[in-house]
Amino acid sequence: MAADSFNDLSKEDVLGWFDKREIAKAGPYVDLVRDIEIEPMLIRAIVPGTAPTPYAVVVRLMEARGGALLISACTCPVGKHCKHVAATLLRAVDENAPKPDRVSPSVLSWVEDLRRVSLAVAKKKARPASARQQLFYILKWSDDRRQFGIEIRKGKFPESAEEWWKVGRALVTPPQFVNEEDLVILRLIWGERNHESPLRAFGLGPKKGAEILQRLVQSNRLYSEDDLGLPLQAGLVRPASVGWQIDPSGFQRPSLRPDPPAEMIVTVDPPWYLDLAEGETGPLDVAGNPAVIARLFGLPPLSAKEAALVAEALSELAPEMPPPAEDAGERLRLIDTPLQAVLQLDTVHTHGYRAWRDYPHSYNGGPFDVARVLFRYADADVRPENKHEFITLPEGETVRLKRRPEAEAAALKALAASGLERVPGHTLYTFGHPPEGIYGLAHESDWAYFMQDSLEALRDAGWQIEFPDDFRHHILEVEGWEANLVESDSGWFDLDMGVIVEGERLALAPLLAGLFRRDARWLDALRLAFAR
């Protein structure tokens, strides 16, 4: 990073800390940041969110080898390095910019408080307390991203709302939380209820699906299942062309290619795109004969011989359409490289979890430490349970992958010896889409031993270990101790204790203060005596 303190913070520094998606999600929150305090190495702020209580954000700069290290914390479910932290830093950049006509923060705070009080009074007069609940619509999709559905929830906020299925009854006798806008949406959804969907959600049929999505976006209450912080926004119409894609089994399927690209396509009529990075969705304008395109997408996955027949028919009857290739699999880029097993350590923030191994059932939730396993072949990352030969990379390219099953089995054997086991998908209650393919230790207390001893054994077995610098079980070896006597104004001497870590001196007092705040047992002599 270029800045050595928050006084020199630039937007480029912030863009270097967060990916494009987090920056996009942070944008609407920048102007909401309040009570911001900016010091050279510390920023504090309050950021209103979807919860009733605003989130508290703390960001620190710490000296480390190779430059300053960013440490962040937020009281939101994500807990750190979230969109609220990004918004706070972007607001700090604005605050640091020279403003000759700048208005006093106290005046701005007074105006904001007045506006908030006025809005609260207006809302209270506009509707009774019993009408504060409303419907939220959650866009869900299957693992292969080919099936989509709408889950309806009722509550005050989308992340705490509960599933709601009483559509038919509401159309006869609408409850208070169902308004006229909802009734139109519910009639459309109810009319498509016979459309099959593998999801626990109402299916989006090809006939009314596009109209349903249009009205849901206009309601400003449509959310994607992996981000309940901000509703999906209406995006511009994007042009799209037809192409062919090889699925994991080696068969060809028609696909739509929007410009600019988007993560997912909802196959309604007309089709819609879902751009999670930008937080928007909208219709596609597909080039070509609509009747031919509809028939193409009605085809089953094509083998090489079937692809040749379809290509011949298209060349004769619809020459403007791109044909599937007979030898498409052979034309793909072949990745033939040694295996690199990768273990990514992280902390998932939960609102509860079931009993698993030595973890008791918890209704309160909190942080839960996990490991994600990837098999890396050059630029292709696959999860162990994915046994396919054909892999589609994040940027859309499909490649052929020459797997190393014996090396993969040996890597998993070493992983099991470290104490990590697969966490069942239903164990953790998380905000948004539950994590998949994660591993965990028997208990949180086992992580200290794992980080100190098991990591080296895994590295010796060929594993590459990745985790953020602020991973809460990251162990740093103390290379030395330092004590300085500093004369105070009263004529006495103060003792300044420090430790040397990776060649840098760290003051011991702030480290101990943080430890005592996190774990009060260190201040209880009796409990420490029993712990020996």
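**Quick look at the overall build of the protein**
Right, so step 1: Counting its secondary structure elements, the protein contains 14 helices and 28 strands.
Right, so step 2: Put simply, the protein has 532 residues, and 40% of those count as buried.
Right, so step 3: Long-range contacts, defined as pairs at least 24 residues apart, comprise 55% of the intrachain contacts of the protein with a sequence gap of at least 6.
Right, so step 4: Per element, the accessible surface of the protein, about 30,000 Å² overall, is 54% carbon and sulfur.

**Some remarks on the side chain of Thr88**
Right, so step 1: Relative to the helices and strands, Thr88 resides in helix α3 (residues 83–96).
Right, so step 2: Take Thr88: its relative accessible area is 0%, and that puts it in the buried class.
Right, so step 3: Not counting the four nearest positions on each side in its chain, Thr88 is found in contact with Val33, Ile36, Ile43, Ala45, Val47 and Val57.

**What about helix α6 (residues 180–191)?**
Right, so step 1: Compared with the 16 Å implied by 1.5 Å per residue over 12 residues, the 17 Å span of α6 between its first and last C-alpha is a close match.
Right, so step 2: In this structure, the buried side of α6 is in contact with β5 (134–141), β6 (148–155), α5 (167–172), β8 (202–203) and α7 (209–219).
Right, so step 3: Of the residues flanking the start of α6, the one acting as N-cap is Asn179, its side-chain oxygen 3.0 Å from the backbone nitrogen of Glu181.

**Brief notes about the sheet that holds strand β21 (residues 398–401)**
Right, so step 1: Pairing in this open sheet of three strands is mixed, and the strands run β16-β21-β20 from one edge to the other. The open sheet has two free edges, formed respectively by β16 (334–335) and β20 (390–392), since each of these has just one partner strand.
Right, so step 2: Bridge analysis of β20 against β21 gives three bridges, and the strand direction is antiparallel. Looking at the pairing, Phe390 lines up with Arg400 of β21.

**Quick word on the environment of Gln464**
Right, so step 1: Of note, Gln464 is situated in strand β25 (residues 464–466).
Right, so step 2: Judged by its relative accessible area of 30%, Gln464 is partly exposed.
Right, so step 3: With 121 residues separating them along the chain, Gln464 and Leu343 place their C-alpha atoms 6.1 Å apart.
Right, so step 4: Once residues lying within four places of it in the same chain are set aside, the contact partners of Gln464 are Gln340, Ala341, Val342, Leu343 and Arg376.

**Overview of a nonpolar patch on the surface**
Right, so step 1: Judged by side-chain polarity, Leu485, Phe493 and Leu495 come together as a nonpolar surface patch covering roughly 370 Å² of accessible area.
Right, so step 2: Residue placement: Leu495 occurs in strand β27 (residues 493–501).
Right, so step 3: Under the relative-accessibility criterion, Leu495 is labelled exposed at 55%.

**A word on the environment of Val85**
Right, so step 1: Within the secondary structure, Val85 sits in helix α3.
Right, so step 2: Between the C-alpha atoms of Val85 and Val47, which are 38 residues apart in sequence, the distance is 8.7 Å.
Right, so step 3: Once you skip the residues sitting within four places of it in the chain, Val85 turns out to touch Phe18, Val57, Val59, Ser72, Ala73 and Cys74.

**Focus: the pattern of salt bridges**
Right, so step 1: Taken as a whole and judged by the stated rule, the model has 29 salt bridges.
Right, so step 2: Put simply, Asp35 and Arg34 hold a salt bridge, and the shortest N to O gap is 3.4 Å.
Right, so step 3: The partner of Glu95 in a salt bridge is Arg91, with the nearest N and O atoms 3.2 Å apart. With Glu95 and Arg91 both in helix α3, this residue pair falls four residues apart, about one helical turn.
Right, so step 4: Residue classification places Arg91 among the buried positions, given a relative accessible area of 17%.
Right, so step 5: When salt bridges with common partners are traced through the structure, they connect Glu22, Lys25, Lys83 and Asp227 into a single cluster.

**Some words on unusual backbone geometry**
When glycine is set aside, most residues are seen to have a negative phi, and most peptide bonds are trans.
Right, so step 1: Of note, the amide linkage connecting Asp259 to Pro260 takes the cis form, showing an omega dihedral of 0°.
Right, so step 2: Here Pro260 lies in the loop between β12 (252–258) and β13 (264–266).
Right, so step 3: Note that the residue after Asp269, namely Pro270, is joined by a cis bond; omega there is -5°.
Right, so step 4: Its place among the elements puts Pro270 in the loop between β13 and β14 (272–275).

**Describing the pairing of strand β17 (residues 340–353)**
Right, so step 1: With 11 bridges joining them, β17 and strand β18 (residues 366–377) adopt antiparallel strand pairing. What sits directly across from Asp346, in β18, is Val370.
Right, so step 2: For β17 and β25, the ladder comprises three bridges, and the chain directions are parallel. Its bridge partner lying in β25, Val342 is registered against Gln464.
Right, so step 3: Sheet topology note: the β17/strand β23 (residues 428–430) ladder contains two bridges and is antiparallel. Among the inter-strand pairings, Tyr353 is bridged to a residue of β23, identified as Leu428.

**Side note on the confidence of the model for the protein**
Right, so step 1: Confidence along the protein averages 81 in pLDDT terms, with 83% of residues attaining 70 or more.
Right, so step 2: For residues 122–131, every residue scores under 50 in pLDDT, and the model assigns this stretch three contacts once sequence neighbours within four places are set aside.

What counts and what doesn't
- Residues numbered from 1 in each chain as written.
- Predicted model: local features only at pLDDT ≥ 70, side-chain atom pairs only at ≥ 80, totals over all residues.
- Heavy atoms only, no water.
- Helix = DSSP H or I, 4+ residues; strand = E, 2+ residues; numbered from the N terminus.
- Buried < 20%, exposed > 50% of the residue type's maximum accessible area, 1.4 Å probe, protein only.
- Contact = heavy atoms within 4.5 Å.
- Areas by Shrake-Rupley, 256 points an atom, 1.4 Å probe, with all protein chains shown as cover.
- Expected span 1.5 Å × (residues − 1).
- Polar contact = N/O pair within 3.5 Å; in protein donor to acceptor, adjacent residues only side chain to side chain.
- Pairing = 2+ DSSP bridges.
- Patch = residues over 30% accessible without salt bridge, like charges linked within 9 Å, V, L, I, M, F, W, Y side chains within 5 Å.
- Salt bridge = Lys/Arg side-chain N within 4 Å of Asp/Glu carboxyl O.
- pLDDT = per-residue confidence, 0-100.

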